[in-house]
Amino acid sequence: MAKSKRQAYISVPAQIISSLSSSSLQSLLLSPKKSAKKKKPLWKRPMFWFLCFFLCFFLVILKIGFNLDPLVPFSPNPCSFLHQESSFTNGFASNIENSGGFLKKVEENQEQSEFWKQPDGLGYRPCLGFSREYNKWSGEHAKDRTRYLMVVVTGGLNQQRNQIVDAVVIARILGAALVVPNLQVNVIWGDESEFSDIFDLDHFKKVLANDVRIVSSLPSTHLTSRPLEDKRMPVNVTPQWIRTNYARLFRRGGVALLRGLESKLSKDLPSDLQKLRCKVAFHALKFAAPILELGNKITERMRSKGPYLALHLRMEKDVWVRTGCLPGWTHEYDEMISSERKLRPWLLTSKSNMTYHERKLAGLCPLNALEVTRLLKALGAPKNARIYWAGGNPLGGKEALLPLIGEFPNLYNKEDLALPGELEPLANKASFMAAIDYIVAENSDVFMPSHGGNMGHALQGHRAYAGHKKYITPNKRHMLPYFLNDSLPEAEFNQIIMGLHRDSLGQPEFRTSKSGRDVTKYPVPECMCNDTNLHTSS
């Protein structure tokens, strides 16, 4: 048996015990321990380096969060704080203080992503299945060599495009071969470009080979024939009217000549002819290789740093005169436009009985630079957004764009982006310049016109046909009263403007929902279909 240990007790007076602290008493009762070894320096401890590694990793994560701009490089040495005199504690406190800025940037990033977000295309895609009767008729008339239709198209590039589309459809209705359209010299710009200068002629012929026979010139058998011209075409004509009135033009000589086709052919045609319109506008009319190459180069320069917005600004002097509106940014220029309109009242295009203010509130005036700026801000466009602006020189030059540049400094046009000498061959060719603008605008992530017009309408249809790419249609008539209300807080103003444009961002819209709509502007439902709405015919 092991001997039991004997415990010894010490008698201590209560007065002494009460005078001792608990720590002192404990030290008396417990046996003293061996003295601890000398502690290692902090930098020699493994835990210190583990913490350093963890903090480096943490700061890199923070850096990724802070660095929302892809163009701002990361710090080459995220752990450099180890070599600085300032303590980690101060750096960490600084990061905590900046966390509010981090959250703000996250919110800004969310707003940016919302602005670039594309509308729901509802699965609509190009759908150009022609009927059996259409294809049968094509085979029967493909060998006809007796009828030839000549057309002269006028106006700017996009007006000419519209007329070329209708010229192909009219040739199809008449069962005639189409001589390559003649582009009338533009009186304003003096552009003498021919069809093959602007469009790819071989591609045009190839795409339409099964629809209409395209010839570059009249054959020798018809060279001496004097084309019969009819100048009485009314607006909104039907295929039946064309057959009845124009068939006679081919009876003597077999050549007919038409001019001024702008908006003459009905917008409501049989399904196959509507599809033919889309085929011409979106497939056959391809820009010539030199134009396409330069347009794509400028597109790549805009695209090189992320998504971009394209604006079509209608701020030229003639636009303000013709619309009966005023620029509204200086009294001097307003007086200039008013005087010009009084000298040449015939330039006013429509509704001459309305005052400028009435036109403005009715949404009939182009937006000026300040209004475009306020609209883009309200719709959430980020301040660092890259913006390409298309159009002619604004009245007042670049000074007229200062409100826009002040808010969105990354504003460019083709002259800004072209390399030295690239645009020189196109200097006196307005159609070429307009084509470059069209290509860059069509390829943009978001497009917005400041006013209606042929280019805006053409791009609306083209972007819809390409999958309903975002297209902002300014709701001028409803939004301008809020623009005039200076007492409205900015947050409330932005919310109202956003609400007014919720359904004006390029979503699919049926052409048939309103009469008189052009299928090349609203290609649904005749030229596009989805899984629940097939419009093809076997």
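Within any chain, residue numbers begin from 1 and follow the written order of that chain's sequence. Only residues with pLDDT of 70 or above have their local features reported here, since the model is predicted, and side-chain atom pairs are shown and tallied only from 80 upward, although totals for entire chains, interfaces and linings are computed over all residues. Side-chain calculation: all heavy atoms of the structure are included, whereas hydrogens and water are not.

The protein has the name O-fucosyltransferase family protein in an unreviewed UniProt entry, where Rhododendron griersonianum is given as its organism. UniProt positions are given in the numbering used here, feature names are shortened, and annotations may be inferred rather than shown by experiment. Checking UniProt for the protein, the heading Pathway (unreviewed entry) contains the comment "Glycan metabolism." Note on the protein: under the UniProt heading Sequence similarities (unreviewed entry), the record states "Belongs to the glycosyltransferase GT106 family."

Caption draft 1: Main features of helix 19 (residues 430-442). Numbered from the N terminus, helices here are DSSP runs of H or I no shorter than four residues, and strands are runs of E no shorter than two. The length a helix should cover is 1.5 Å for every residue beyond the first. Between the first and last C-alpha of helix 19 there are 18 Å, a value that for 13 residues agrees with the 18 Å anticipated at 1.5 Å per step. Relative accessibility thresholds used throughout: buried, under 20% of the residue-type maximum; exposed, over 50%; partly exposed, between the two (1.4 Å probe, protein chains only). With 11 of 13 residues buried, helix 19 lies mostly within the body of the structure. Among all positions of helix 19, only Ser431, Phe432, Met433, Ala435, Ile436, Asp437, Tyr438, Ile439, Val440, Ala441 and Glu442 are buried.

Caption draft 2: View of the side chain of Asp211. Looking at the secondary structure, you find Asp211 in the loop between helix 9 (201-207) and strand 5 (214-215). With relative accessibility at 7%, the residue Asp211 sits in the buried group. We define a polar contact as two N or O atoms separated by no more than 3.5 Å, with the added condition that, inside protein, one atom must be a possible hydrogen donor and the other a possible acceptor, whereas residues neighbouring each other in sequence contribute only through side-chain atom pairs. One polar contact links Asp211 to Tyr134, side chain to side chain, over a distance of 2.7 Å. Contacts: residue pairs with any heavy atoms within 4.5 Å of one another. Apart from residues lying up to four places away in sequence, Asp211 is in contact with Phe130, Tyr134, Arg172, Leu276 and Lys279.

Caption draft 3: Broad picture of the environment of Asp416. The topology assignment puts Asp416 in helix 18 (residues 414-417). Overall, Asp416 belongs to the partly exposed group, its relative accessible area being 37%. Residues within four places of Asp416 in sequence aside, it is in contact with Lys398 and Leu411. Looking at Asp416, its side chain comes within polar contact range of the main-chain nitrogen of Asn413, at 3.0 Å.

Caption draft 4: Region of the structure containing the packing of helix 7 (residues 157-174) against helix 19. Here, axes are lines fitted to C-alpha atoms. For helices the fit covers the stretch in contact, and angles between N-to-C directions go from 0 to 180 degrees. Relative to each other, helix 7 and helix 19 sit at 85°, their axes nearing to 9 Å. The orientation of helix 7 relative to helix 19 falls into the category roughly perpendicular. Contact residues: Leu157, Asn158, Gln160 and Arg161 in helix 7; Ser431, Ala434, Ala435 and Tyr438 in helix 19. Only Asp, Glu, Lys and Arg are considered charged, only Ala, Val, Leu, Ile, Met, Phe, Trp, Tyr, Cys and Pro nonpolar, and every remaining residue, Gly among them, polar. In terms of residue class, the contact of helix 7 with helix 19 is made up of four nonpolar, three polar and one charged. When an angle is under 35 degrees it counts as roughly parallel; over 145 it counts as roughly antiparallel; between 65 and 115 it counts as roughly perpendicular; any other value is oblique.

Caption draft 5: Helix 14 (residues 331-343), seen in detail. With 13 residues, helix 14 ought to run about 18 Å at 1.5 Å a step, and its terminal C-alpha atoms sit 19 Å apart, in line with that. When we look at burial in helix 14, the residues that qualify are Tyr333, Asp334, Ile337, Glu340 and Arg341. Taken down its axis, helix 14 places every buried residue within 130° of arc, on the same side. Turned more than 90 degrees away from the buried face of helix 14, the exposed residues are His331, Glu332, Lys342 and Leu343. Where helix 14 is buried, its residues meet helix 13 (317-323). Taken from the helix axis, the directions to the C-beta atoms give the arc we talk about.

Caption draft 6: Representation of the pairing of strand 11 (residues 446-449) in the model. Judged by which residues are buried, strand 11 turns out to be covered on both faces: Val446 and Met448 on one side and Phe447 and Pro449 on the other are all buried. Bridge count between strand 8 (residues 308-312) and strand 11: four bridges; the pairing is parallel. When the sheet's bridge partners are listed, Leu311 is paired in strand 11 with Met448. Note: two strands are recorded as paired if DSSP finds a minimum of 2 bridges between them. Bridge analysis of strand 11 against strand 12 (residues 470-471) gives two bridges, and the strand direction is parallel.

Caption draft 7: Expanded view of the state of the cysteines. Two cysteine sulfur atoms form a disulfide, by the criterion used here, when they sit within 2.5 Å. In this structure the tally under the stated criterion is three disulfides. Here Cys127 connects covalently by a disulfide to Cys529, the sulfurs 2.3 Å from one another. Between Cys127 and Cys529, the disulfide has an S-S torsion of 85° and is therefore right-handed. With Cys127 in the loop between strand 1 (125-126) and helix 6 (132-141) and Cys529 in strand 13 (residues 528-529), this pair connects stretches of sequence that are 402 residues apart. Pair check on accessibility: Cys127 and Cys529 agree, each one buried.

Caption draft 8: Focus on the side chain of Lys414. Turning to its location among the elements, Lys414 is positioned in helix 18. Residue Lys414 is classed as buried on the basis of its relative accessible area of 5%.

Caption draft 9: Seen up close, the nonpolar core. Formed by 79 residues in total, the largest nonpolar core has its most connected members in Leu149, Ile170, Leu178, Phe204, Phe287 and Tyr388. The element contributing the most residues to this core is helix 7, with 10 residues. Not counting residues up to four positions away in its chain, the partners in contact with Phe287 are Leu157, Arg161, Ile198, Phe199, Asp200, Leu292, Ala435, Tyr438 and Ile439. Nonpolar cores were defined as sets of buried Ala, Val, Leu, Ile, Met, Phe, Trp, Tyr and Cys residues, with membership established by side-chain atoms within 4.5 Å. Membership of the second largest hydrophobic core comes to 39 residues, among which are Leu309, Tyr333, Trp389 and Met479.

Caption draft 10: Geometry of the sheet that holds strand 8. Across the sheet, which stays open at both edges, the five strands sit in the order 10-9-8-11-12 with parallel pairing between neighbours. Every interior strand has two partners, whereas the edge strands, strand 10 (411-412) and strand 12, have only one. Taken together, the two bridges between strand 9 (residues 386-390) and strand 10 define a ladder with parallel strand orientation. Bridged to Ile387 within strand 10 is Leu411. Against the sheet, helix 12 (residues 289-303) makes contact with strand 8, strand 9 and strand 10, and its axis sits at roughly 150° relative to strand 9, the strand it touches most.

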